Amino acid sequence: MQFIDGGVTAPIGFTANGMLCGIKPGRTKNDIALVFSEKLCSVAGLFTKNRVKAECVKLTKKNIETGHAQAVIANSGIANACTGKEGADNALRMAKAVANALNINPTDVIVCSTGVIGQQLPIEKIEQSLDTLKAGLSKEGHIEARTAIMTTDTHYKECAVETVIAGKTVHIGTMCKGSGMIHINLGTMLSFITTDCAISSAMLERALRESVEKTYNCVSVDGDTSTNDTLTILANGMAGNKEITQEGDDYLAFLEALNALNTEMAKKIAGDGEGAEHLVECNVVGAKDVPTARALAKSVISSSLVKAMIFGKDANFGRILCALGYSGEEFNPDKVSITLSSIKGVLRHGATDVLGKQDGTVLSVKVFDHGSPLLFDEELGKEILSQAEVSILVECEDGEACGTAWGCDLTYEYVKINGDYRT
């Protein structure tokens, strides 16, 4: 397995495009994206657990019940959430506009929106853009599409991997957006995954659910869960492998590649949290089981006080212990050890497509050992927390399970971004 370029158009048979159609006044970058497969796809999706759901979420959940889809239309600027019957009509009009342009069934269209809640979409502008969007569909179109779904994101987020399944080269590509309103159960994110692997809708859903538990559902920026969260995967089978219809070596190979892809994207979202200056990774080892390890790690990266600690570059390990303690999980605090570390010079995930150059110096300091505080070099602790990516290692002695979660620091800029988001 290896990482490759191309995002959602890396798999065979997928094209994409994006453009600016003026959904939100003042926006200068693309605001609508289209992804299309030349063949009908198996499909699976996961959606927000917020009881208040956007109209596009309601429509897409219904559409993918058929088990197949062929196109994705997504806009930024206006979320089409809390918009009543008019919003529902507008979501359906988006699907029909795509279907008419591409000569496909409206139920085979995934419809997504992101942006301001409670405002109606200027649906005519979207409808008028479809001929241009269709005309510009290409393998290079992922470049235009990846920026069109951004809201407060400071950088586009995409990734692709290549692997071999049953003797055939298989590709999986993705693009997503997510920066604020991010917490455990997906977050304010739209994520679109494409693959040329032949795999049934049932196995796609199984793989997606299994992968999300250890990737997207281990990210928290601010503790809020959106009305619009949508994660979908389309598989058109054009790689030519024997269709995966049950668990086995082929399924595990697909899942491994999907996990690698989703892990990278989860880290990009955490690293590009609204106003964030640091990506924070918490690794818990020695827990009694995997759910416990993940829950402990999630509790640490979700803590506002831990986030503030990272921002302030203050190695106050008591905040980490406190977050572990209120997680609700069983562990023995008297056997816990905590180590802070970073790599000097590394660039934050989300800042660029790659990590960038680093001088390779590993900075590390143990601050807590088997239930007791340690005298440590405070200046070294500050230097570690000054790096763009910070790792927190929590060592338990309750078992052999481990778990990882990703978050970011909490900065003044977060309040500035969200204080006047609507106006």
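See the structure printed just above.
What you see is a predicted model; the values in this text were computed from it and never measured. (Residues numbered from 1 in each chain as written. Predicted model: local features only at pLDDT ≥ 70, side-chain atom pairs only at ≥ 80, totals over all residues. Heavy atoms only, no water.)

Chemist: Kindly report on the pattern of salt bridges, identifying the contributing residues and their values.
Modeler: Using the criterion set out here, one finds 10 salt bridges in the structure. Residues Arg-146 and Glu-158 are paired through a salt bridge, measuring 2.8 Å at the closest nitrogen-oxygen approach. Taken together, the positions of Arg-146 in helix H4 (residues 142-148) and Glu-158 in strand E6 (residues 157-165) put the pair 12 residues apart, joining distant regions of the chain. An identical accessibility class is assigned to Arg-146 and Glu-158; each is buried. A salt bridge links Glu-330 to Lys-288, with the shortest nitrogen-to-oxygen separation between them at 3.6 Å. Of this pair, Glu-330 sits in the loop between helix H9 (317-325) and strand E11 (337-343) while Lys-288 sits in the loop between strand E10 (279-287) and helix H7 (290-302), and the two are 42 residues apart along the sequence. Under the relative-accessibility criterion, Glu-330 is labelled exposed at 57%. Each of Arg-93, Glu-124 and Glu-127 takes part in salt bridges that share partners, so that together they form one network. (Salt bridge = Lys/Arg side-chain N within 4 Å of Asp/Glu carboxyl O. Helix = DSSP H or I, 4+ residues; strand = E, 2+ residues; numbered from the N terminus. Buried < 20%, exposed > 50% of the residue type's maximum accessible area, 1.4 Å probe, protein only.)

Chemist: A description of unusual backbone geometry should follow, citing residues and the corresponding values.
Modeler: We note that Asn-103 has phi near 60 degrees; this positive angle belongs to a residue other than glycine. Among the secondary structure elements, Asn-103 is positioned in the loop between helix H2 (84-102) and strand E5 (109-116). Positive phi, normally seen in glycine, also occurs at His-370, with a value near 50 degrees. Mapped onto the secondary structure, His-370 falls in the loop between strand E12 (362-369) and strand E13 (372-373).

Chemist: Lay out the packing of helix H8 (residues 304-311) against H9 in plain terms, naming residues and giving numbers.
Modeler: For the pair H8 and H9, the least separation of the axes is 9 Å and the interaxial angle reads 160 degrees. Overall, the two elements H8 and H9 adopt an arrangement that is roughly antiparallel. In this structure, H8 crosses over H9, and the sense of that crossing is left-handed. Contacts from Leu-305, Val-306, Ala-308 and Met-309 in H8 reach Phe-317, Arg-319, Ile-320 and Ala-323 in H9. Classifying every residue of the contact of H8 with H9 by side-chain character gives seven nonpolar, no polar and one charged. (Axes fitted to C-alpha atoms, helices over the stretch in contact; angles between N-to-C directions. Parallel < 35°, antiparallel > 145°, perpendicular 65-115°, else oblique. Left-handed = near helix turned anticlockwise from the far one by under 90°. Contact = heavy atoms within 4.5 Å. Nonpolar A, V, L, I, M, F, W, Y, C, P; charged D, E, K, R; others polar.)

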